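The residues making up each chain are set out below.
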Amino acid sequence: MERRRAPDPRSGRGSPPVALEVDTVNRRLAFGFEPLVRGYRETRQFGRILVRLRPYLKPHYRRLGLAMASTIGFTIVTLLEPWPLQILFDTVLLKRKLRVHVPGLDLHFLSQLAPHTVLVTSVSAVLLLALLRGQFYYLQSVLAATAGQDVVMSMRRELFAQFQRLSLSFHRRAHAGDLLMRLTGDILLLREMVVNAIINIMSHALVVTGMIVVMLRMDASLTLVAVGLAPVLFLCLLSFRVRLVEAAHRQRKREGVLASTAHEVLQGIQIVQANTAEHYENQRFKEMNRRSLRASLNSARLEAQLNRVVLVLIAAGLGSVLWLGAERVLAGRLSPGQLLVFLAYVQSFYKPLRTLSKMTERMAKATACGTRVLEVLESVPEIHDLPHAVVPQRVEGRITLRGVGMSYGEGPPVLRDVTLDIAPGEKVALVGPTGAGKSTLLALVPRFYDPTEGEILLDGVPIRSIRLRFLRRQISFLTQDATILGDPVRDNIAYGAIDREGAPPSAIEIELAARAARAHEFIQELSQGYDTVVGERGATLSGGQRQRIAIARALLRRAPVLLLDEPMTGLDPISERDVLEAIENL
Ligand SMILES: Nc1ncnc2c1ncn2[C@@H]1O[C@H](COP(=O)(O)OP(=O)(O)O)[C@@H](O)[C@H]1O
Ligand SMILES: [Mg+2]
């Protein structure tokens, strides 16, 4: 098991879930609060992720600060938007005294202006405000997006490097597809959270607060009526959100099943066609497709239901403000223009609320994604350098095993008390049936795994105390499943010397290695010789050809220690003799 530095977020002090502590009599009530409790827990985890992301955000503080400033500008302009209308109504159309009180600003001169001037000014103000609002919105979005992209890029780099650092035991347990998801999808959603969500939440919360303050100054009790429905609406949105998220999860899960089935069929297309299973696979696919469709319809239905509720609630709010407000205007306690401002606010008041509740949904998703990314970033590679790892001057290549025992995880022992001494230049063959532990023993030497008992020494130095990178440079390792990259043959062989200091291997060096591995003949017969690009994972080569390229790669490495894991797999008897000869000649 990889050790974790950070505690598992699911087992923190936040659990057990608070709702469970409420007794059964109150279950109904508890359900009503459940979204809030969940929201609270998510917010805390969100905060934790933000703290962890600080180093990535730091270079962008200036940009994020500007984005925040634009957000504030956006808020102010949004609040100002209905005012020209009020001024126009009250002073020009109804010829009343202006009732706007801006502290430190005398606006009464507006009543003295010619009506036409006020009209022109108001209309220009409407246009100007719209322009400003657009500009602020643009700035806010672009600045945030730029910072976000950058954060994603640096996180992605670190995640990729971490994948390569993590030990084989981690990768054997993890699913490659899942890790790839974290590198692509999860990180993108995280950016969404870090930048868009924060900026959006900030700006909408500001707008809502600002509107409430302005409305309170105009008419306190009317404000209470207007705002009274907001908590109801918000609770309603939150409880719908829980169901929406669940529906979305179900939908994505079904789509995942669909995708992986299709992937399996494509990968095993030969088996499908050889067994004439096309009809069966089509039927299976059809059923899954139908289920996925049902799930997405369910989501759409929920969304529509929510919309219906929201529209009714907003109408109720507007209706009550209209009713009470009109009465106030008739009683002369409010000007018609002010009522207009009120109505405009109430109408646009509910939109930020909706956005905020949508944001909480995105935040929930992004928090989950962030947790997945951090899980990898905070894993400590099981095999790493000791604090005072040594780098020996010269390596002869003597390998000593002292009472080595090995078991994978909690499994039964694979090796027990193996003692072995291999002198430099000595060739040793390990012979045993399949599953005897030959590959396991070889994997212990470059420290792909550490033995559970005993120790291994290189030239008398315990390999645990040698710097890992140096140790692996001394070893040329041919794995059992010859891994070939989808690159030109030449690059595939040169990969063995990719970490070598000095000049990269010359064409002659590569050819010599290929000749020694009995690969030269068939490489020459490929369409472009050494420059032929082989298919992904060497799919366009035969097993024996792949094996010989891998041998050439191992030979080119020219390390003092050469480990070959079943190098003859897939070779015909004649090539086998040739390769054996090549190894003898090393
Ligand atoms: N990554 C692993 N996790 C758990 N068990 C493993 C792993 N790799 C190999 N084993 C087990 O260890 C035993 C020895 O495997 P291996 O060393 O590959 O044998 P050989 O190379 O001699 O055929 C087998 O029983 C195998 O099931
Ligand atoms: Mg093996």
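Residues numbered from 1 in each chain as written. Chains lettered and ligands numbered in written order. Predicted model: local features only at pLDDT ≥ 70, side-chain atom pairs only at ≥ 80, totals over all residues. Heavy atoms only, no water.

J.: What is the right way to read the pairing of strand β8 (residues 561–564) from this model?
T.: One face of the sheet, then the other: side chains in a regular strand alternate in exactly this way. Because side chains alternate across β8, one face comprises the buried residues Val561 and Leu563, and the other comprises Leu562 and Leu564, none of which is buried. One ladder, built from four bridges, connects strand β7 (residues 475–478) with β8; its direction is parallel. Within the sheet, the bridge partner assigned to Ile475 lies in β8 and is Val561. (Buried < 20%, exposed > 50% of the residue type's maximum accessible area, 1.4 Å probe, protein only. Helix = DSSP H or I, 4+ residues; strand = E, 2+ residues; numbered from the N terminus. Pairing = 2+ DSSP bridges.)

J.: Is there a simple way to think about the packing of helix α15 (residues 507–516) against helix α17 (residues 543–556) in this case?
T.: Helix-helix packing is described using two parameters, namely the angle between the two axes and the distance between the axes. Following both chains from N to C, one finds α15 and α17 inclined at 125 degrees, their axes separated by 8 Å at the closest point. By the angle between their axes, α15 is oblique relative to α17. Considering only the axes of α15 and α17, their crossing is right-handed. Contact residues: Glu509, Ile510, Ala513, Ala514 and Ala516 in α15; Ala552, Leu555 and Leu556 in α17. Class assignment for the residues of the contact of α15 with α17 results in seven nonpolar, no polar and one charged. (Axes fitted to C-alpha atoms, helices over the stretch in contact; angles between N-to-C directions. Parallel < 35°, antiparallel > 145°, perpendicular 65-115°, else oblique. Left-handed = near helix turned anticlockwise from the far one by under 90°. Contact = heavy atoms within 4.5 Å. Nonpolar A, V, L, I, M, F, W, Y, C, P; charged D, E, K, R; others polar.)

J.: Please clarify how the pattern of salt bridges should be interpreted in this entry.
T.: Opposite charge on two side chains permits them to pair, given that their charged atoms come into close proximity. Per the counting criterion, the structure on display carries 21 salt bridges. As a salt-bridge pair, Asp186 and Arg372 come within 2.5 Å of each other at their nearest N and O atoms. Here the residue Asp186 occupies a position in helix α7 (residues 176–218), and Arg372 occupies one in helix α11 (residues 336–377), the gap between them amounting to 186 residues. Judged by its relative accessible area of 23%, Arg372 falls in the partly exposed class. Across the salt bridge formed by Glu281 and Arg284, the nearest N and O atoms sit 3.1 Å from each other. Placement of the pair is Glu281 and Arg284 together in helix α10 (residues 278–330), with a separation of three residues, close to one helical turn. A relative accessible area of 15% places Glu281 in the buried class. (Salt bridge = Lys/Arg side-chain N within 4 Å of Asp/Glu carboxyl O.)

J.: Got a minute to help me understand the site of ligand 1 in this structure?
T.: Lining the immediate environment of ligand 1, one finds Tyr408, Val414, Pro433, Thr434, Gly435, Ala436, Gly437, Lys438, Ser439, Thr440 and Tyr449. A distance of 2.7 Å separates an oxygen atom of ligand 1 from a polar atom in the backbone of Lys438. In the complex, 60% of the free accessible area of ligand 1, which totals 560 Å², lies under the protein chains. If you tally residues by element for the shell around ligand 1, the top one is helix α12 (residues 438–444), at three residues. (Near = heavy atom within 4 Å. Polar contact = N/O pair within 3.5 Å; in protein donor to acceptor, adjacent residues only side chain to side chain. Areas by Shrake-Rupley, 256 points an atom, 1.4 Å probe, with all protein chains shown as cover.)

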